[in-house]
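A closer look at the structure
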Number of protein chains: 2
Amino acid sequence: MTQEAQEPVSLLVEGDWVLTQNDDRQIFSPGAVAIRGAEIAAVGPPAELKRRYEPARTLSYPQGLILPGLINAHTHAAMSLFRGLADDLPLEEWLNNYIFPAERCLTGEYVYWGTKLSVAEMLLSGATTFCDMYLFADAVAQAAAETGIRAVVGEVLYDFPSPNYGLPEAGLRFSENLCQTWQGHPLVQVAIQPHAVYTCSPDLLQKCQALADKYNTRLIIHLSETSTEVADCQTRYGATPVAHLHRLGLLTSRLVADHAVVLTEADMELLAASGAGVAHCPESNMKLASGVAPVAELLRRGVPVGLGTDGCASNNNLDLFQEMDTAAKLQKVRHLDPTLLPATAALDLATRGGARVLGLEREIGALAPGRCADLVVVDLDQPHLTPLYDPYSQLVYAASGADVQTVVVHGQVLVQDRVLLSFDLEETLARARDLASGIRARIPHAKPRCYAARNQPG
Amino acid sequence: MTQEAQEPVSLLVEGDWVLTQNDDRQIFSPGAVAIRGAEIAAVGPPAELKRRYEPARTLSYPQGLILPGLINAHTHAAMSLFRGLADDLPLEEWLNNYIFPAERCLTGEYVYWGTKLSVAEMLLSGATTFCDMYLFADAVAQAAAETGIRAVVGEVLYDFPSPNYGLPEAGLRFSENLCQTWQGHPLVQVAIQPHAVYTCSPDLLQKCQALADKYNTRLIIHLSETSTEVADCQTRYGATPVAHLHRLGLLTSRLVADHAVVLTEADMELLAASGAGVAHCPESNMKLASGVAPVAELLRRGVPVGLGTDGCASNNNLDLFQEMDTAAKLQKVRHLDPTLLPATAALDLATRGGARVLGLEREIGALAPGRCADLVVVDLDQPHLTPLYDPYSQLVYAASGADVQTVVVHGQVLVQDRVLLSFDLEETLARARDLASGIRARIPHAKPRCYAARNQPG
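Here is a short report on the structure shown in this document. Values in this document were obtained by computation on a predicted structure and should not be read as measured data.

The subject of this paragraph is the relation of the copies chain B and chain A. Take chain B, turn it by 180°, move it 0.0 Å along the axis, and it overlays chain A with an RMSD of 0.0 Å. Seen this way, the second copy is the image of the first under a two-fold rotation axis. Of the C-alpha atoms belonging to chain B, the one lying closest to the rotation axis is found on B:A402, 3.1 Å away. The overlap is high: 100% of the interface residues of chain B also sit at the interface in chain A, so the same surface is used on both sides.

Okay, structure coming up:
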């Protein structure tokens with residue numbers, strides 16, 4: 001047998017398991033992923049890959065499980081600065097007395113550091129792509145590009161003035177400028193993101209759609225999140241939010257509907273027929289008491305569904321492993337059927353599903369030759385992940401983000417053995433704490449009960 | 001000012017915060033706990049405690065939050081050996097084709113190592129007490145005593161033969177013997193644990209009650225877990241499970257009702273009037289699609305409620321931080337009210353509430369002088385726990401068991417800086433993996449799909 005010439009690759013990652021999440025849901029155990037630059041060259045048994053490739057660097061995890069990097073399909077990253085500022089409150093009190101006043105003092109600096117804080121959390125817990133909607137989206141894009149995470153960003157647009165761009169027309173210009181600035185960037189994409197049907201006039205929505213058409217990008221909107229939103233839309237426009245978008249010509253295969261909790265049968269049919277995707281945010285929907293999105297039903301109808309954490313003010317973390325667990329269990333208990341949304345389907349939401357929703361199904365969401373080299377290694381050598389009968393069950397029902405050991409995005413090792421390599425974590429935590437002091441000071445009526453109690457004698 | 005003489009204590013633990021969970025929910029920031037042997041001597045500001053006490057040893061956590069050790073009010077610890085063996089199945093298929101066949105091959109050795117596996121997971125994730133119901137409860141007690149965790153154990157009793165003790169009468173003798181063996185043990189208590197109303201005759205239930213009376217201990221039973229159980233009980237006895245126990249004289253302040261999902265108004269009134277406690281297991285109830293227990297309503301009526309993970313075959317981990325998060329969010333979404341079960345109430349379930357349910361409210365559940373020295377230190381210096389506005393929100397909605405840094409039970413440091421000190425973790429994981437191979441071999445029809453796929457070329 002002649003020795004074939006080995007092809008050089010930049011990185012080989014091997015582990016006890018590889019869950020590819022490719023179209024055949026192939027598994028290798030043991031398994032390895034060969035990476036050439038930013039792309040996956042091959043996935044297969046380690047022995048075979050070592051025969052074919054000569055890696056410049058090898059990372060071996062004899063007790064590791066390798067899976068595609070997870071995709072956070074909807075968040076407001078910088079809201080990590082408001083984590084725990086106000087919880088367990090009625091929605092209007094939460095928004096009007098805490099979140100809106102806190103957001104009025106935002107600047108690009110807040111958003112930049114808040115986003116970096118969230119990127120640290122996301123990378124350390126296995127998310128390699130996030131889709132963000134927020135103010136100062138240029139700062140979000142900058143933070144993403146600097147930290148090496150993959151991101152879809154967009155400036156939030158609405159009818160009233162924004163602390164960033166001012167009047168709505170300026171918001172459209174800001175968004176267009178953002179599209180042009182980041183065109184062709186390997187990690188950052190820009191989407192057009194009107195806030196919701198109750199904060200955006202039909203005119204603004206249609207201008208957003210025109211912009212998304214012009215730049216061939218996603219149009220992303222909070223849609224049918226609460227029954228109040230649906231009732232108001234019915235009163236104002238005589239249609240559900242989904243039907244309202246349909247009439248306005250916004251219901252296309254490039255639409256991403258965030259939340260999609262309160263849907264009629266007709267809404268689901270419209271969504272399915274349009275090819276639009278849904279970003280499901282179960283923990284936020286539970287915490288804000290919005291309801292349970294009909295995910296099993298949407299999947300049955302072929303609607304692409306991804307998984308999002310929403311912002312840290314309504315979750316309060318960005319752990320997609322816990323989100324998968326909650327998503328699966330919530331469908332089961334909602335419909336009193338333990339077979340709904342099995343572990344494999346929950347993992348699909350956070351990988352293949354999210355990729356489809358964001359229009360990145362050829363780039364990410366599975367480990368396959370030609371895709372972006374975005375992967376995560378989970379450390380299986382722990383009591384709560386022992387024994388292992390089924391890796392899907394283990395990931396969805398037993399693991400958490402803290403089990404993530406190593407993370408590769410676009411071929412770069414950003415986290416290794418639980419240490420963040422791509423930027424300064426200590427500086428980020430210190431800046432976040434400083435900015436939080438400023439936020440606390442601006443909401444005097446908040447008087448967080450615990451700070452008031454500091455240093456009391458006992 | 002004269003220098004007072006300092007009193008020697010064995011251990012002082014200090015941190016950025018102490019949440020006492022005492023009757024006034026006192027907080028110290030910074031705070032410290034002074035420990036004399038197995039008991040708490042004092043809780044207060046570090047400067048004050050350092051003036052009063054001379055500790056033999058000091059553990060300082062400048063970015064740590066100290067809280068009472070968490071209480072797992074209902075589990076089947078050794079079922080960690082079945083973690084992920086069978087998920088997402090209809091209840092009967094899960095029980096009859098997987099769990100029951102797996103349990104038929106159990107021996108004391110399986111239960112001993114399965115319990116140690118779970119104790120490792122529980123200690124590392126901040127649980128310092130667990131209430132267990134399982135076969136071979138002598139092995140559970142032995143594992144608990146050896147590992148230094150606090151436990152309430154009990155042999156599961158039912159009308160059919162047990163792989164442990166054989167016939168039901170022998171089960172009662174086994175339980176009585178267990179009570180005698182462990183009487184006065186500082187860590188292990190024994191309770192009487194009939195399985196459920198559908199597996200125990202009225203005669204067996206009343207004999208259990210007599211035994212619980214004789215040894216003045218808890219009577220613990222799965223109660224009203226599913227609508228099938230309630231319907232069957234109505235058919236057989238013409239009463240709900242709660243009313244059935246009431247008629248039989250079992251509804252007392254020493255009863256612990258595990259699950260209590262499907263309750264009528266009358267059931268809740270009976271529970272409240274009796275002083276019985278409830279062990280709420282939200283994640284298991286979700287995963288098995290049993291329903292949502294009316295926890296907010298039970299608390300409103302003054303019923304003591306603790307928090308349990310249930311066994312790892314139906315959860316699939318023992319993380320009480322995630323369980324608190326799920327408990328709070330599930331009540332909110334179930335009743336579409338974001339103010340229900342706030343973070344403070346969720347932490348109460350896993351501390352004060354669990355202690356009351358188990359009749360240990362004078363020993364554990366709060367950090368106060370004279371109580372057992374059971375505490376947990378959470379490492380706040382992490383991106384997902386930054387910034388900190390409210391420590392209760394942070395613990396319940398943002399933290400997970402992986403954030404636990406140090407654990408003290410009965411004055412002994414069992415986990416320090418995330419390392420398990422009280423027994424050999426590697427040996428336990430190795431034994432658990434070996435035993436799991438045996439279990440897998442005995443369920444040939446299981447053929448876990450992933451093991452079948454091992455080593456396939458790609």
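Next, the rest of the story.
The subject of this paragraph is the nonpolar core. Residues and elements named next belong to chain B. By size, the foremost hydrophobic cluster in this structure holds 147 residues, and its most contacted members are F82, L123 and V378. With ten residues, helix α3 (residues 108-124) is the largest single contributor of residues to this core. The two domains that each donate at least three residues to this core are domain 1 (7-68 + 372-419) and domain 2 (78-250 + 259-337). The residues contacting V378, other than those within four sequence positions of it, are Q63, G64, L65, L67, F321, L385, L395, D403 and V404.

Let us now look at helix α13 (residues 343-357) of chain A. Given 3.6 residues per helical turn, the α-helix brings residues three or four places apart onto the same face. Residues and elements named next belong to chain A. Its 15 residues give α13 an end-to-end C-alpha distance of 19 Å, which sits within 8% of 21 Å, the value for a rise of 1.5 Å per residue. Along its length, α13 shows its largest kink, about 50°, at L349. For α13, the buried fraction is high: twelve of the 15 residues fall into the buried class. Of all the positions in α13, only A343, A345, A346, L347, D348, L349, A350, T351, G353, G354, A355 and V357 are classed as buried. G359 sits one or two positions beyond α13 and adopts a positive phi of about 70°.

Glancing now at the sheet that holds strand β17 (residues 305-307) of chain A. Residue and element names in this part refer to chain A. Pairing is parallel across the open sheet formed by four strands, whose spatial order is β14-β15-β16-β17. Two strands lie at the open edges of the sheet, namely β14 (219-223) and β17, each paired on one side alone. Each adjacent strand pair in this sheet contributes to an overall mean axis angle of 25°, direction not counted. Pairing of β14 with strand β15 (residues 255-259), which is carried by five bridges, proceeds in the parallel orientation. Opposite H222, over in β15, you have D258 as the bridge partner.

Residue and element names in this part refer to chain B. Along helix α9 (residues 265-274), the residues classified as buried are D267, M268, L271 and S274. Taken around the axis of α9, the buried residues stretch over an arc of 135°, which confines them to a single face. For α9, the secondary structure elements touched by its buried residues are α8 (241-248), β14 (277-280) and α11 (295-300). Downstream of α9 by a residue or two, G275 has a phi angle that is positive, lying close to 80°.

In this section: the interface of chain B and chain A. Of the residues lining the interface, 87 residues belong to chain B; the matching set on chain A comes to 87 residues. Among the residues of chain B in contact with chain A, B:D88, B:P383 and B:Y389 are the three that bury the most area, contributing 13% of the side total. Viewed at the interface, chain A and chain B are joined by six salt bridges. On inspection of chain B and its partner chain A, the count reaches 28 residue pairs in polar contact (both at pLDDT 80 or more). The greatest single-element share of the side of chain B that touches chain A, amounting to eight residues, is contributed by helix α15 (residues 425-442) of chain B. Here the residues of the side of chain B that touches chain A are counted per class, giving 46 nonpolar, 23 polar and 18 charged.

The rules behind each value
- Residues numbered from 1 in each chain as written.
- Chains lettered and ligands numbered in written order.
- Predicted model: local features only at pLDDT ≥ 70, side-chain atom pairs only at ≥ 80, totals over all residues.
- Heavy atoms only, no water.
- Least-squares fit on C-alpha atoms with pLDDT ≥ 70 in both.
- Contact = heavy atoms within 4.5 Å.
- Core = buried A, V, L, I, M, F, W, Y, C linked by side-chain atoms within 4.5 Å.
- Buried < 20%, exposed > 50% of the residue type's maximum accessible area, 1.4 Å probe, protein only.
- Helix = DSSP H or I, 4+ residues; strand = E, 2+ residues; numbered from the N terminus.
- Domains from an automatic or database assignment.
- Expected span 1.5 Å × (residues − 1).
- Bend = angle between axes of the 7 residues up to and from the residue.
- Pairing = 2+ DSSP bridges.
- Axes fitted to C-alpha atoms, helices over the stretch in contact; angles between N-to-C directions.
- Arc of directions from axis to C-beta.
- Buried area = accessible area lost by both parts, 1.4 Å probe.
- Salt bridge = Lys/Arg side-chain N within 4 Å of Asp/Glu carboxyl O.
- Polar contact = N/O pair within 3.5 Å; in protein donor to acceptor, adjacent residues only side chain to side chain.
- Nonpolar A, V, L, I, M, F, W, Y, C, P; charged D, E, K, R; others polar.

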